[in-house]
There are 2 protein chains.
Amino acid sequence: MQGDRSKILIESIKRLLRRGAVAKLLKIVNKAHASDLSMVFHSLSRSNQRKLFGFIKDIEKKGELFSELDEDIFLNLIEGIDLNQVVEILDNMPTDDVADLIGRLPEEKSDTILEKMKKEGSKEVEGLLSYDDDTAGGIMVPDFIALREDVPAGNAIMSLQKEHMDVEMPFYLYVVDEYGKLTGVCSLRQLVVVKPDTPLKDFMTTDVFAVKTNMDQEEVAKIVAHYDILAVPVVDETNKLVGIVTVDDVIDIIREEATEDILKMAGAGEEFVETKSVLKSIRIRLPWLFACCIGGIIASFIISHFQESLSKVAYIAAFIPVIMGMSGNIGIQSSTIVVRGLATGRLNVKDLWAVVFKELTIGLILGMVYGLFIGLVAQVQYSREALAISVALAVICSMSLAALSGSLAPMLFARLNMDPAVATGPFVTTAIDIISVFLYFNIAVTLLGI
Amino acid sequence: MQGDRSKILIESIKRLLRRGAVAKLLKIVNKAHASDLSMVFHSLSRSNQRKLFGFIKDIEKKGELFSELDEDIFLNLIEGIDLNQVVEILDNMPTDDVADLIGRLPEEKSDTILEKMKKEGSKEVEGLLSYDDDTAGGIMVPDFIALREDVPAGNAIMSLQKEHMDVEMPFYLYVVDEYGKLTGVCSLRQLVVVKPDTPLKDFMTTDVFAVKTNMDQEEVAKIVAHYDILAVPVVDETNKLVGIVTVDDVIDIIREEATEDILKMAGAGEEFVETKSVLKSIRIRLPWLFACCIGGIIASFIISHFQESLSKVAYIAAFIPVIMGMSGNIGIQSSTIVVRGLATGRLNVKDLWAVVFKELTIGLILGMVYGLFIGLVAQVQYSREALAISVALAVICSMSLAALSGSLAPMLFARLNMDPAVATGPFVTTAIDIISVFLYFNIAVTLLGI
């Protein structure tokens, strides 16, 4: 349904642009939501992107659009408009989004813009730029409500109504001591149920989940999701409250990280390649396939080593695909379960041996089930016991080893604080290919006595 | 960090349970957050789960814990405690969570509980139970704030403070007409900036994103994420407001759906098998491997058909792994990009041919690059042009076909309103295995003249 609506909007705007129907364009563009417009920009030519942007009147909508657009479209728009207008748009945007955008610009341009921006805003942006993109500091907003412990509830409500109208999402009221250090939190609901003269410290919750500025954004997202909270406060090394991370940013992080993991595991790079050009896609996917290619060539050397046996008993080649396929598939199962388990916090790196042992057991049992079955098929087909036993043994060994390496590799990577998703995909499957071919031929040659 | 904290909590509680240190257990259990406690329950024996649950004093914490626990642990706890206590706990929980839990119980038990629950609450729960679990109706909460269009802002604020204290997350004030039909929305912030005597309809936003009760939960999550909103109103067929879906539930949906997609694509079932027993894991993974097994056996029949040629020119077997591996990998890349693109809304089902054509082009180009490379390796190794050309051609054809089928299958599934993730994984890879073996042997036998 949502896809349909975007589609209709895209087609209407394209048609109106072709016709040059300015009045209708103005109406449709200024009525549409920024998130929907961003979809439209994706499918326009560079010149039409600039043209359409010119039709937007509301300065806040221009800002929202800036934060929704892909980097290349944003840069194209920036080049097409006057710097003063860019500054005006940025001045009307939430600080965290501005920092994000400024970080994408060439340094020269970003310096000019920061100079031109309103003093207060540009200072906040510079503050945010000093944190790593992927940390709590990089994704937090510096707009939060913090009051002292002895402020009465009634005054807190008044100050909410008067002073804090610029706060993006006012869910919680944070309580700080005289040094700005976080001591507690109140919900807006608590504020209205107590008597107006009760000081905050009498009813605030002191058990606040706060994160440090350098915490990885994935960790922050886990905490917000785990505790079902709408915002988490961010503190510096001295426990001073410096910002909050809100739930809408957390949703984006969770989706991005899941997508990244999936694409990395499939060896398709970290990026959403489907919106990029064919050439860009090829550049991203080529190197991942190289691992697989080298693995296949190694396997071909292994097999060519057994060339003489093969010409005597050609049919042993017939079972190469099924042995490779079975071990490859169980390896992907194991590594996927481990990678996703680590990502969602269901698996702990400390349980390395328990997890790997469990996967090995599963690999062994499934290997025996399918080893017997495929061995039986081999026996029926060729009536040669030694071949049937070789095939069965090769399936059992390679499936067990595949489950073992498929779980061990991502667990070890995670323990070394490296991304477990990278260990999966092409590397593990390639290793499994080589191992299974090697095992099969050695077992078959030994048992068949060739 | 979060993992570490859970780990410490689990170990401490286990130690205290062994020692029977009741006083310490009481203290630690009642201080811990329900989300953290749920992690502890996962790693306890059934009898210890019941024992630990007995230590929890706060009835609301018991309810929170109920909604966090896995089904089997929840059922174990329910059996161990008095039905009246269960009813008391449920009466203090948000309605959507109660409906979730009741849906898991055997019918007999759930009927008894619904009868015993406070009348109002049980009616709401029964209302929710009538919707499908995976739809907007199934995940919404019936607690929202709805006022009539002509209510002045000042009265709205007063009614918020007095009457709507039970609303789970009061972000938005919905405006309805005399028939309860949704006509607009105000944010709490808007309420306090206007003059107290302004009626809601004068400043409300009439452009409300509402979803129907039967909309798939994944679609609902997409809308909330797309528009960065904290809650989306749910309406019935007559546009009457019946509930809201809040952002915390959306986060859970996004994570679950991503996990489901990843596991399905890897052929590891839809469930989080790593917390389950070895036997359960095997039961889930066995059937997925069967597709691969049958594919492998078919491939073995194909190869056995060429047995005679193989015994003459045994080394053609050496390139089976590299051809299968390369086509399998590019097939996974294509299908992963398509499945994830569809899930995140970056790809549209209507673009079927554009997407498939792009993947085919990529497959063809990458196939030519690696076909030439692997052909060259074959030439150097065996100095036989016909073999080198066969290998090169087989790589090009099977990689192109793999990219084609890897993208076509999920796109077609999506178009038929079936889950595209299922089409990927074992089925596509198995089909690719068969195709590539078939192509390779036919090309090789023709060109080598054997």
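Asker: Sorry, what's going on with the interface of chain A and chain B here?
Answerer: Interfaces are often sized by the amount of accessible area the parts lose when they come together. At the junction of the two partners, chain A supplies 122 residues and chain B supplies 121 residues. When the two sides are added together, the surface that chain A and chain B hide from each other amounts to roughly 10600 Å², 67% of it contributed by carbon and sulfur. When residues of chain A are sorted by the area they lose upon contact with chain B, Arg255(A), Arg285(A) and Arg346(A) head the list and together hold 7% of the total. Where chain A packs against chain B, one counts two salt bridges. Residue Arg285(B) is joined to Glu359(A) by a salt bridge in which the shortest nitrogen-to-oxygen separation is 3.1 Å. Summed over the shared surface of chain A and chain B, the result is 18 residue pairs in polar contact (both at pLDDT 80 or more). Looking at side-chain class alone, the side of chain A that touches chain B contains 67 nonpolar, 29 polar and 26 charged residues.

Asker: Quick question: what am I supposed to make of the environment of Glu71(B) here?
Answerer: Within the fold, Glu71(B) resides in helix H6 (residues 71-80). Here the alpha-carbon distance between Glu71(B) and Leu352(B), two residues 281 residues apart in the chain, equals 39 Å.

Asker: Could you clarify how one ought to interpret the sheet that holds strand E2 (residues 172-176) of chain B in this entry?
Answerer: Strand pairing in a sheet relies on backbone hydrogen bonds, with the paired strands running either antiparallel or parallel. Residues and elements named next belong to chain B. Judged by pairing direction, the sheet is mixed, and its three strands sit side by side in the order E1-E2-E3 without closing on themselves. The open sheet has two free edges, formed respectively by strand E1 (146-148) and strand E3 (182-187), since each of these has just one partner strand. If you compare each strand with its neighbour and ignore which way they point, the axes differ by 35 degrees on average.

Asker: Before we go on, may I ask you to explain the sheet that holds strand E6 (residues 241-246) of chain A in this structure?
Answerer: The sheet built from three strands is open, its strands ordered E4-E5-E6 (chain A) with mixed pairing. This sheet does not close on itself; its edge strands, each paired only once, are strand E4 (211-212) and E6 of chain A.

Asker: Teacher, can you tell me more about the domain arrangement of chain A here?
Answerer: Residue and element names in this part refer to chain A. Taken domain by domain, chain A consists of domain 1 (2-138), domain 2 (146-256) and domain 3 (273-448). Put simply, the middle of domain 1 and the middle of domain 2, counted by C-alpha atoms, are 29 Å apart. The partner domain 2 presents 12 residues to the eight residues of domain 1 that form the contact. Both sides of the domain 1 and domain 2 interface together cover about 640 Å² of buried area, and 50% of this is carbon and sulfur. It is Tyr131, Asp134 and Ala136 in domain 1 that bury the most area against domain 2; as a group they hold 62% of the surface buried on that side.

Asker: What is the right way to look at the packing of helix H3 (residues 34-42) of chain A against helix H5 (residues 59-68) of chain A in this model?
Answerer: Geometry of a packed helix pair, given as the angle between the helix axes and the separation of the axes. Residue and element names in this part refer to chain A. Close contact between H3 and H5 brings their axes to 9 Å; oriented N to C, the two are set at 55 degrees. Taken together, the axes of H3 and H5 lie oblique to each other. Here H3 and H5 pass one another in a crossing that is right-handed. Residues Ala34, Ser35, Leu37, Ser38 and Phe41 of H3 form the contact with H5, whose participating residues are Lys61, Glu64, Leu65 and Glu68. Considering only residue class, the contact of H3 with H5 consists of four nonpolar, two polar and three charged.

Asker: What exactly am I supposed to notice about the confidence of the model for chain A here?
Answerer: Low-confidence regions, as indicated by low pLDDT, have predicted coordinates that should not be scrutinised in detail. Across chain A, the average pLDDT comes to 84, with 93% of residues at or above 70. With pTM at 0.71, the complex prediction returns an ipTM value of 0.71.

Asker: Is there a simple way to explain unusual backbone geometry in this structure?
Answerer: Generally, phi is negative for residues other than glycine and the peptide bonds are trans, each holding for most cases. Residues and elements named next belong to chain A. Even without being glycine, Asn239 reaches a positive phi, approximately 70 degrees. Examined against the element boundaries, Asn239 turns out to sit in the loop between strand E5 (231-235) and E6. Residue class for Asn239 comes out partly exposed when judged on its relative accessible area of 30%. One non-glycine residue, Ser383, adopts positive backbone phi at about 45 degrees. Structurally, Ser383 is set in the loop between helix H19 (352-382) and helix H20 (385-415).

Asker: It is not clear to me how the environment of Asn30(A) should be interpreted in this structure. Could you clarify?
Answerer: Residues and elements named next belong to chain A. Mapped onto the fold, Asn30 is located in helix H2 (residues 22-31). Ignoring any residue separated from it by four or fewer positions in sequence, one finds Asn30 in contact with Phe55, Ile56, Lys57, Asp58 and Lys61. Polar side-chain contacts of Asn30 include one of 2.8 Å to the backbone oxygen of Leu26.

Asker: Hey, could you run me through the environment of Val422(A) in this one?
Answerer: Within the fold, Val422(A) resides in helix H21 (residues 420-423). For the pair Val422(A) and Lys264(A), spaced 158 residues apart in sequence, the C-alpha to C-alpha distance is 5.8 Å.

Asker: Would you mind going over H20(A) with me for this structure?
Answerer: At 3.6 residues per turn, the α-helix brings residues three or four places apart onto the same side. In a regular helix each residue adds 1.5 Å, so 31 residues correspond to 45 Å; H20(A) covers 44 Å between its end C-alpha atoms and thus fits that length. Directly after H20(A), the chain includes Asn417(A), whose backbone phi takes a positive value near 60 degrees.

Asker: Honestly, the nonpolar core in this entry has me stumped. Any pointers?
Answerer: A general trend in soluble globular proteins is that nonpolar side chains are found buried together. One finds Phe66(A), Leu90(A), Phe66(B) and Leu90(B) to be the most contacted residues of the largest nonpolar core, which totals 147 residues. The next biggest cluster of nonpolar side chains, apart from the first, holds 95 residues, and it includes Cys292(A), Phe306(A), Val445(A) and Leu289(B).

Asker: Please clarify how the packing of aromatic side chains should be interpreted in this entry.
Answerer: Each aromatic ring pair is specified by the distance between its two centres and by the angle formed by the two planes. Here the structure, examined in full by the defined rule, presents 18 aromatic pairs over all chains. Judged by centre distance (6.4 Å) and plane angle (55 degrees), the ring pair of Tyr172(A) and Tyr174(A) falls under tilted. Per residue, the accessibility class of Tyr172(A) equals that of Tyr174(A), and both read buried. Centroid distance Phe66(B) to Phe74(B): 5.1 Å. Interplanar angle 80 degrees. Geometry classified as edge-to-face. Relative accessible area serves as the criterion here: at 1%, Phe74(B) is assigned to the buried category.

Asker: Is there a simple way to explain helix H18 (residues 320-344) of chain B in this structure?
Answerer: All names here are of chain B. Spanning 25 residues, H18 covers 36 Å between terminal C-alpha atoms, matching the ideal 36 Å at 1.5 Å per step. A large share of H18 lies buried, amounting to 24 of its 25 residues. Looking one or two places after H18, you find Gly345, whose phi comes out positive at around 80 degrees.

Asker: Would you mind showing me how to read the side chain of Asn76(A) here?
Answerer: Residues and elements named next belong to chain A. You can see Asn76 is positioned in helix H6 (residues 71-80). Given the relative accessible area of 2%, Asn76 is considered buried. When sequence neighbours within four positions are dropped, the list of residues in contact with Asn76 reads Arg46, Gln49 and Arg50.

Asker: How should a positive patch on the surface be read in this particular structure?
Answerer: All names here are of chain A. Taken together, the side chains of Lys14, Arg15, Arg18, Arg19, Lys24, Lys27 and Lys31 define a basic patch exposed on the protein surface. With four residues, the single largest contributor to the positive patch is helix H1 (residues 2-19). In this fold, Lys24 is placed in helix H2.

Asker: Where do I start with the relation of the copies chain A and chain B in this structure?
Answerer: The second copy of the chain is related to the first by a rotation about an axis and a shift along the axis. Structural alignment of chain A on chain B gives an RMSD of 0.2 Å, achieved by rotating through 180 degrees and translating 0.1 Å along the axis. What the rotation and shift describe, once combined, is the action of a two-fold rotation axis. Across chain A, the smallest distance between a C-alpha and the rotation axis is recorded for Ser311(A), namely 2.1 Å. The share of interface residues of chain A whose copies in chain B are also at the interface is 99%, consistent with both copies meeting through the same surface.

Asker: For this particular structure, what's the right way to read the pairing of strand E5 (residues 231-235) of chain B?
Answerer: Looking along a regular strand, one sees side chains alternate from face to face of the sheet. Of all five residues that make up E5(B), five are buried, and the element is covered over most of its length. The antiparallel pairing of E5(B) with strand E6 (residues 241-246) of chain B creates a hairpin that spans five residues between the two strands, and Asn239(B) there sits at a positive phi of about 70 degrees.

About the cut-offs
- Residues numbered from 1 in each chain as written.
- Chains lettered and ligands numbered in written order.
- Predicted model: local features only at pLDDT ≥ 70, side-chain atom pairs only at ≥ 80, totals over all residues.
- Heavy atoms only, no water.
- Contact = heavy atoms within 4.5 Å.
- Buried area = accessible area lost by both parts, 1.4 Å probe.
- Salt bridge = Lys/Arg side-chain N within 4 Å of Asp/Glu carboxyl O.
- Polar contact = N/O pair within 3.5 Å; in protein donor to acceptor, adjacent residues only side chain to side chain.
- Nonpolar A, V, L, I, M, F, W, Y, C, P; charged D, E, K, R; others polar.
- Helix = DSSP H or I, 4+ residues; strand = E, 2+ residues; numbered from the N terminus.
- Pairing = 2+ DSSP bridges.
- Axes fitted to C-alpha atoms, helices over the stretch in contact; angles between N-to-C directions.
- Domains from an automatic or database assignment.
- Parallel < 35°, antiparallel > 145°, perpendicular 65-115°, else oblique.
- Left-handed = near helix turned anticlockwise from the far one by under 90°.
- pLDDT = per-residue confidence, 0-100.
- Buried < 20%, exposed > 50% of the residue type's maximum accessible area, 1.4 Å probe, protein only.
- Expected span 1.5 Å × (residues − 1).
- Core = buried A, V, L, I, M, F, W, Y, C linked by side-chain atoms within 4.5 Å.
- Phe/Tyr/Trp six-rings, centres within 6.5 Å; stacked < 30°, edge-to-face > 60°.
- Patch = residues over 30% accessible without salt bridge, like charges linked within 9 Å, V, L, I, M, F, W, Y side chains within 5 Å.
- Areas by Shrake-Rupley, 256 points an atom, 1.4 Å probe, with all protein chains shown as cover.
- Lys, Arg positive; Asp, Glu negative; His and termini not counted.
- Charge placed at Lys NZ, Arg CZ, Asp CG, Glu CD.
- Least-squares fit on C-alpha atoms with pLDDT ≥ 70 in both.

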